[in-house]
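Reading the structure
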Amino acid sequence: DPIWAAIRAEARLEAEKEPLLSSFLYASILAHPCFERSVGFVLANRLKNVTLLATQLLDVFDDVFTHEPQVQEAIRLDVQAVRSRDPSCRSYSSALLYLKGYHALQSYRVAHALWNRGQRVLALALQSRISEVFAVDIHPAARIGKAIMLDHGTGVVIGETCVIGDRVSLMQGVTLGGSGKEAGDRHPKIEEGVLIGAGATILGNIRIGRCSMVAAGSLVLKDVPPHSVAAGTPAKVVGTLEEPTPALTMKHGTTFGVFF
């Protein structure tokens with residue numbers, strides 16, 4: 001497991017450089033036999049309270065991480081996404097230990113697995129706790145792909161019937177919501193490679209096409225074609241992207257000669 005090997009090497013180096021953190025780094029990383037166990041330990045200790053004990057949460061996380069191969073793959077691809085796309089993240093271990101966007105997303109993945117197993121009361125309880133601790137509210141029924149980055153994470157809201165493809169990047173304050181009180185399939189569908197800027201709001205059962213970009217602060221109420229830029233309130237298509245996959249390059253302002 002090259003990701004886990006890199007994280008352990010980083011933790012050893014950080015413990016040597018900053019002895020004050022050596023116990024924390026040992027308990028969070030070096031004491032564990034695998035990446036799954038370390039992620040579960042970190043999340044359990046972030047989410048614990050007087051009624052949801054860390055030991056109980058760790059059992060829940062261990063069970064999901066042990067029996068859900070797709071989650072095992074996702075937690076690795078997500079940490080790689082953060083490391084490669086966020087210039088302030090200089091190591092895998094810092095994403096694992098400190099970045100609440102990563103923490104919220106992996107906690108959601110556990111809640112989603114519980115939801116699919118029929119443990120919906122526990123899934124909703126975990127969703128509530130994730131929202132309290134990380135200021136990220138993702139319904140456990142939402143379907144989210146792999147290699148996802150929630151940059152900062154604060155204020156992200158993802159509704160029940162939302163579907164997000166692989167390799168998507170969402171900045172802080174993004175809302176993927178419904179457009180009213182209608183039931184059924186009522187939330188956005190975000191295709192692969194999309195970049196959604198800070199504070200953007202996307203409402204209703206609409207589709208944001210593959211490798212497109214939604215500019216910061218936009219209100220999107222209609223479909224966005226693939227490889228396009230949507231901007232404004234309400235948003236309109238204002239250009240075509242030069243970048244083949246904006247979610248990976250994270251260049252928020254570049255189109256064919258248009259800058260925001």
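Quick summary incoming for the structure in this document.

Cut-offs used in this document
- Residues numbered from 1 in each chain as written.
- Predicted model: local features only at pLDDT ≥ 70, side-chain atom pairs only at ≥ 80, totals over all residues.
- Heavy atoms only, no water.
- Patch = residues over 30% accessible without salt bridge, like charges linked within 9 Å, V, L, I, M, F, W, Y side chains within 5 Å.
- Areas by Shrake-Rupley, 256 points an atom, 1.4 Å probe, with all protein chains shown as cover.
- Salt bridge = Lys/Arg side-chain N within 4 Å of Asp/Glu carboxyl O.
- Helix = DSSP H or I, 4+ residues; strand = E, 2+ residues; numbered from the N terminus.
- Buried < 20%, exposed > 50% of the residue type's maximum accessible area, 1.4 Å probe, protein only.
- Pairing = 2+ DSSP bridges.
- Contact = heavy atoms within 4.5 Å.
- Core = buried A, V, L, I, M, F, W, Y, C linked by side-chain atoms within 4.5 Å.
- Domains from an automatic or database assignment.

Further remarks concern a nonpolar patch on the surface. Residues Leu20, Leu21, Phe24 and Tyr98 make up a contiguous nonpolar surface patch of about 420 Å² in total accessible area. On the secondary structure map, Leu20 appears in the loop between helix H1 (2–17) and helix H2 (22–30).

Remember that side chains alternate between the two faces of the sheet whenever the strand is regular. Along strand S14 (residues 228–232), 4 of the 5 residues are buried, which leaves the element largely enclosed by surrounding structure. Of the strand pairs in this sheet, strand S12 (residues 213–214) and S14 are connected by 2 bridges, and their pairing is parallel. Paired with Met213 across the strands is Val229, a residue of S14. Of the strand pairs in this sheet, S14 and strand S15 (residues 235–240) are connected by 5 bridges, and their pairing is antiparallel. Each residue of the ladder has a partner; that of Ala230, found in S15, is Val237. Linking S14 back to S15 in an antiparallel pair, the connection comprises 2 residues.

Here Thr245 is to be found in the loop between S15 and helix H9 (246–249). Classification of Thr245 as buried rests on a relative accessible area of 12%. For Thr245, the residues in contact, after removing those within four places along its chain, are Arg167, Gly193 and Cys211.

Okay, the nonpolar core next. Residues Phe35, Leu176 and Ile196 are the most contacted members of the largest nonpolar core, which totals 74 residues. Per-element accounting of this core gives the leading share, 9 residues, to helix H7 (residues 100–117). Here this core gathers at least three residues from each of two domains, domain 1 (1–135) and domain 2 (142–259). Contact partners of Phe35, with chain neighbours within four places excluded, come to Asp1, Ile3, Trp4, Ile7, Ile75, Arg76, Val79, Leu96 and Tyr102.

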